[in-house]
Amino acid sequence: MTKPVLAIVGRPNVGKSTIFNRIAGDRISIVEDMPGVTRDRIYSSAEWLNTEFNLIDTGGIEISDAPFMSQMKEQAELAIEEADVILFLVDGMNGITAADEEVSKMLFRSKKPVVLGVNKIDNPERKELLYEFYSLGMGEPIGVSGTHGIGLGDLLDQVVSHFPEHEEEVKDDETIYFSLIGRPNVGKSSLVNAILGKERVIVSDIAGTTRDAIDSGFEREGQKYVIIDTAGMRKRGKVYETTEKYSVMRAMKAIERSDVVLMVIDAEEGIIEQDKKVAGFAHEAGRAVVIVVNKWDAVEKDDKTMQKFEQKIRDHFLYLSYAPIVFVSALTKQRLHQLFPVINQVAENHALRVQTNVLNEVIMDAVAMNPAPMDNGKRLKINYATQVASKPPTFVIFVNDPELFHFSYKRFLENRIRETFGFIGTPIKIFARKKND
């Protein structure tokens, strides 16, 4: 099930990034008291009243030589297009501006649900400032303080109440859903066409041609698949930055629906910083991952070229040590046949469940061979372990004190579990819980 989307819209310096960080529960956007300062990540997952949703901060849209008002309009248009609910944020201390009025007209015409937040209402005396904002026609203004966190509960109550009823996507357990992610122009659309054997997706040398996710169902050697081609993700700071920010959100939606994610890298250009950020989305979402090096036909090779490239990938993607690597060419279909056995394997591992008694034998053998180190005179004691979920495989280990379950020992146990059961291509999650006496 894809999560609903909340977009935060408002003119610069009204506190969008501060509110974004409050809702996301983390300091994700750069916050500084200067207009237009948002330059960092503008999307996140959030949760309120057991409702998970995706969050977009539309600040920081930079278009060279573009008039201020046109930037505001484009910002609002993109939010209208992508969001289920829009949080229209204004500044209670400065009152209504011409930009506020212009955006409010656009939002009103959109027919999308809008929640009006009036920021910088830091104390009860400032509540009288709210009355002016009724004239925007956006319903009851809700006073908040991003700096102090005041009023956010009431604000989010309103937001969640407007989210549409999302129906659970009914999936065939026998079908493998997989998506392709990667920065623009690495050949994702060409790979889709090569896999499907027909021009299902428009192929162009213009980076970022794909603007939405397209599902294609097909069958190969008795196995059913659904392939999701995602919009390209482009490095920020470019003229075309605005639409790419929303393409990232679309890609995140596709990742949420996938069992397996193909992280596509351009063999000609090699690995760049943006590749690591893009791959991080799939890892954080707990999806099975295959690293696909495309355009391998265009690389001059000797007998060590592939080995060296693979080592570079391992050095750059330390957190994806579990992900297999496949070298292909969408243009010549070179090694494309090797892709599907790998997709099948990682999908199976992603859904794998381990019997509790077998799991505990592995854990206890590992502990016997390498007991946890002492910590201030105390030692971690593991009572038993169980798998509580799959996709990704998730394990709970019951211990005497979770504080003693250090990261290094968690990694040791994860490695032993992988050595025994494989889990190639899938992240695994391990949590410590205190055993109830």
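Here, the structure is the one placed above.
Q: Sorry if this is basic, but what is going on with the overall build of the protein chain here?
A: Across its full length, the protein chain carries eleven helices and 17 strands. The burial tally for the protein chain puts 51% of its 437 residues in the buried class. In the form shown here, the protein chain has an accessible surface area of approximately 21,000 Å², with 48% of it arising from carbon and sulfur atoms.

Q: Is there a simple way to explain the sheet that holds strand β16 (residues 394-399) in this structure?
A: In sheet architecture, strand pairing relies on hydrogen bonds along the backbone and comes in two forms, parallel and antiparallel. The three strands lie next to each other as β15-β16-β17, forming an open sheet whose pairing is mixed. Both edges of this open sheet fall to β15 (382-389) and β17 (429-434), since each of them pairs with a single strand only. Pairs of neighbouring strands in the sheet enclose a mean axial angle of 25 degrees, with direction left out of account. Strand direction decides the pairing type here: β16 and β17, joined by six bridges, are parallel. For Phe 395, the partnering residue across the bridge sits in β17 and is Ile 430. This element, helix α10 (residues 356-369), spans β15 and β16 of the sheet and lies at about 135 degrees to β15. Across the sheet, helix α11 (residues 407-421) lies against β15, β16 and β17, angled at about 125 degrees from β17, the strand it touches most.

Q: I would appreciate a short explanation of the packing of aromatic side chains in the present structure.
A: Any two aromatic rings considered together are summarised by their centre-to-centre distance and by the angle between their planes. For the coordinates displayed, the defined rule picks out 15 aromatic pairs. On the numbers, 5.7 Å between centres and 85 degrees between planes, the contact of Trp 296 with Phe 309 is edge-to-face. Linking Trp 296 in the loop between β11 (288-294) and α8 (305-316) with Phe 309 in helix α8, this pair joins segments that are 13 residues apart in sequence. Phe 309 matches Trp 296 in its accessibility class, with the two residues each being buried. Ring geometry for Tyr 409 against Phe 412: centres 5.3 Å apart, planes inclined by 40 degrees, an arrangement best described as tilted. Taken together, the residues Tyr 409 and Phe 412, both in helix α11 and three residues apart, mark about one turn of the helix. Phe 412 matches Tyr 409 in its accessibility class, with the two residues each being buried. Put simply, the rings of Phe 178, Phe 218, Tyr 225 and Phe 340 pair up and form one aromatic cluster.

Q: Help me out: how do you make sense of the side chain of Asp 91 in this one?
A: With respect to the helices, strands and loops of the structure, Asp 91 is situated in strand β4 (residues 85-91). Look at Asp 91 and you get buried, because its relative accessible area is 1%. Looking at Asp 91, its side chain comes within polar contact range of the side chain of Asn 94, at 3.3 Å. Polar side-chain contacts of Asp 91 include one of 2.8 Å to the side chain of Lys 120.

Q: Explain the pairing of strand β5 (residues 114-119) to me, please; I cannot follow it from the model alone.
A: Along any regular strand the residues' side chains alternate between the sheet's two faces. For β5, a buried count of six out of six residues is recorded, marking the element as mostly surrounded by other parts of the structure. Neither face of β5 is open: one carries Val 114, Leu 116 and Val 118, the other Val 115, Gly 117 and Asn 119, and all of them are buried. Across six bridges, the pairing between β4 and β5 is parallel. What sits directly across from Asp 91, in β5, is Asn 119.

What counts, and at which threshold
Residues numbered from 1 in each chain as written. Predicted model: local features only at pLDDT ≥ 70, side-chain atom pairs only at ≥ 80, totals over all residues. Heavy atoms only, no water. Helix = DSSP H or I, 4+ residues; strand = E, 2+ residues; numbered from the N terminus. Buried < 20%, exposed > 50% of the residue type's maximum accessible area, 1.4 Å probe, protein only. Areas by Shrake-Rupley, 256 points an atom, 1.4 Å probe, with all protein chains shown as cover. Pairing = 2+ DSSP bridges. Axes fitted to C-alpha atoms, helices over the stretch in contact; angles between N-to-C directions. Contact = heavy atoms within 4.5 Å. Phe/Tyr/Trp six-rings, centres within 6.5 Å; stacked < 30°, edge-to-face > 60°. Polar contact = N/O pair within 3.5 Å; in protein donor to acceptor, adjacent residues only side chain to side chain.

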